[in-house]
Amino acid sequence: MAKRGKAAAPSTAAPLVAHADPKSPAAEAYRSLRTSIQFAGLDHKCRTVVVTSSSPGEGKSTTVANFGVVSAQAGSRVLVVDSDLRRPTLHRIFGLGNARGLSTALLEEQPFADVAQATAIPNLSVLTSGPLPPNPAELVGSLRMRECLEAAAGDFALVLLDSPPIVSVADALALSAVADGVVLVVRAGKIPHEVVRRAVVQIESVKGRILGVLMNSVNLKRDGYYYDYYRYYHSYYSPTESRRR
Ligand SMILES: Nc1ncnc2c1ncn2[C@@H]1O[C@H](COP(=O)(O)OP(=O)(O)OP(=O)(O)O)[C@@H](O)[C@H]1O
Ligand SMILES: [Mg+2]
């Protein structure tokens, strides 16, 4: 949550801001997300979390990457999985090769932990997408994916999954159905409320458990917030409350 402050924060547009500038307000916002998810997991097991959004370009991959970084910084063993098998970006964000990854693990029946790559950040491994398959929805919705995910939840304290947007394809809903929880990213000021509401209904229709909604890239001046130096801001509340809002 935002705190009062006087000085202007430095611009923190680097995709891995939580690693590049851990003291920035942006990194602090990602740490708040981590705390919220930890609380959400007190009553229910919450080891596998899908990050998705209703529409393209709302900030899913950026959120997954930074959420992974702050969780690893807290000492948990974390796996970030690029399960966007259509427009994968996590290999670029982390500067990793992508010759092998999720698609390879699924097709060759290899555990995620064996195919994932270590990163420069202690405790953080990344399973990149691997070569793009012709049938992404089938692959991420397969029984094999479910089994691998369950196994990965035994190897890692937290498994975070990137995904394509809900509006265009079935992949994110298939992932929402098998993961322990879902974080819905909403790019502030860009997406009609109705579209977000529809995404919530769709996730709930596959019995996905929405842990919270992350308001991304709020323009604090435009959106009338007092704390005008925050570049990132996240609001975290229950799905019931999110519907009210
Ligand atoms: N909070 C933010 N502030 C500024 N820029 C951001 C923020 N979040 C994401 N971006 C930028 O917005 C662009 C889209 O972000 P990102 O790739 O994370 O979205 P996405 O939802 O994964 O997109 P896609 O649907 O194509 O997978 C990127 O250039 C990213 O650096
Ligand atoms: Mg993405």
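Residues numbered from 1 in each chain as written. Chains lettered and ligands numbered in written order. Predicted model: local features only at pLDDT ≥ 70, side-chain atom pairs only at ≥ 80, totals over all residues.

Colleague: Provide a residue-level description of the site of ligand 1, including the pertinent values.
Modeller: What surrounds ligand 1 is a group of 18 residues, the closest being P56, G59, K60, S61 and T62. With three residues, helix α3 (residues 60–73) is the largest single contributor of residues to the shell around ligand 1. (Near = placed C-beta within 6 Å. Helix = DSSP H or I, 4+ residues; strand = E, 2+ residues; numbered from the N terminus.)

Colleague: Help me get a handle on the packing of helix α2 (residues 25–40) against α3, residues and values and all.
Modeller: At a minimum axis distance of 9 Å, the contact between α2 and α3 shows a crossing angle of 75°. In terms of orientation, α2 lies roughly perpendicular with respect to α3. Contacts between α2 and α3 involve A27, Y30, R31, L33 and R34 from the former and N66, F67, V70 and S71 from the latter. (Axes fitted to C-alpha atoms, helices over the stretch in contact; angles between N-to-C directions. Parallel < 35°, antiparallel > 145°, perpendicular 65-115°, else oblique. Contact = placed C-beta atoms within 7 Å.)

Colleague: Provide a residue-level description of the sheet that holds strand β3 (residues 117–118), including the pertinent values.
Modeller: Taken together, the seven strands give an open sheet; going across it, the order is β3-β4-β2-β5-β1-β6-β7, and neighbouring strands pair in mixed fashion. Strands with a single pairing partner mark the edges of an open sheet, and in this sheet they are β3 and β7 (210–216). Inspection of the sheet shows strand β1 (residues 48–53) paired to strand β5 (residues 158–162) by three bridges, in the parallel sense. If you follow V49 over to β5, its bridge partner there is L160. Taken strand by strand, α3 contacts β1, β2 (78–82), β4 (124–127), β5, β6 (181–187) and β7, and its axis lies near 165° from that of β5. Against the sheet, helix α10 (residues 193–205) engages β6 and β7, with an angle of about 170° to β6. (Pairing = 2+ DSSP bridges.)

Colleague: Can you tell me about the environment of N98, naming the residues and giving the values?
Modeller: As for its placement among the helices and strands, N98 is situated in the loop between α4 (90–94) and α5 (102–108). For N98 and L132, which are 34 residues apart along the polypeptide, the C-alpha to C-alpha distance reads 10.0 Å. When residues no more than four places from it in sequence are discounted, the contact partners of N98 are H91, T128, S129 and G130.

Colleague: Tell me about the nonpolar core, and name the residues and values.
Modeller: By size, the foremost hydrophobic cluster in this structure holds 66 residues, and its most contacted members are L79, V80 and L160. A total of seven residues in this core trace back to one element, the largest contributor, which is α2. With residues up to four places along the chain from it excluded, the contact list for V80 reads V64, A65, G68, L90, L124, V126 and L160. (Core = buried A, V, L, I, M, F, W, Y, C linked by C-beta atoms within 7 Å. Buried ≥ 20, exposed ≤ 12 C-beta atoms within 10 Å, placed from the backbone.)

Colleague: Lay out the pairing of β5 with the relevant residues and their values.
Modeller: Taking burial as the measure, the five residues of β5 include five buried ones, the bulk of the element. Side chains of β5 alternate between two faces, with L158, L160 and D162 and V159 and L161 buried alike. Both β2 and β5 contribute to a ladder of five bridges, which runs parallel. Counterpart to L79 in the pairing with β5 is V159.

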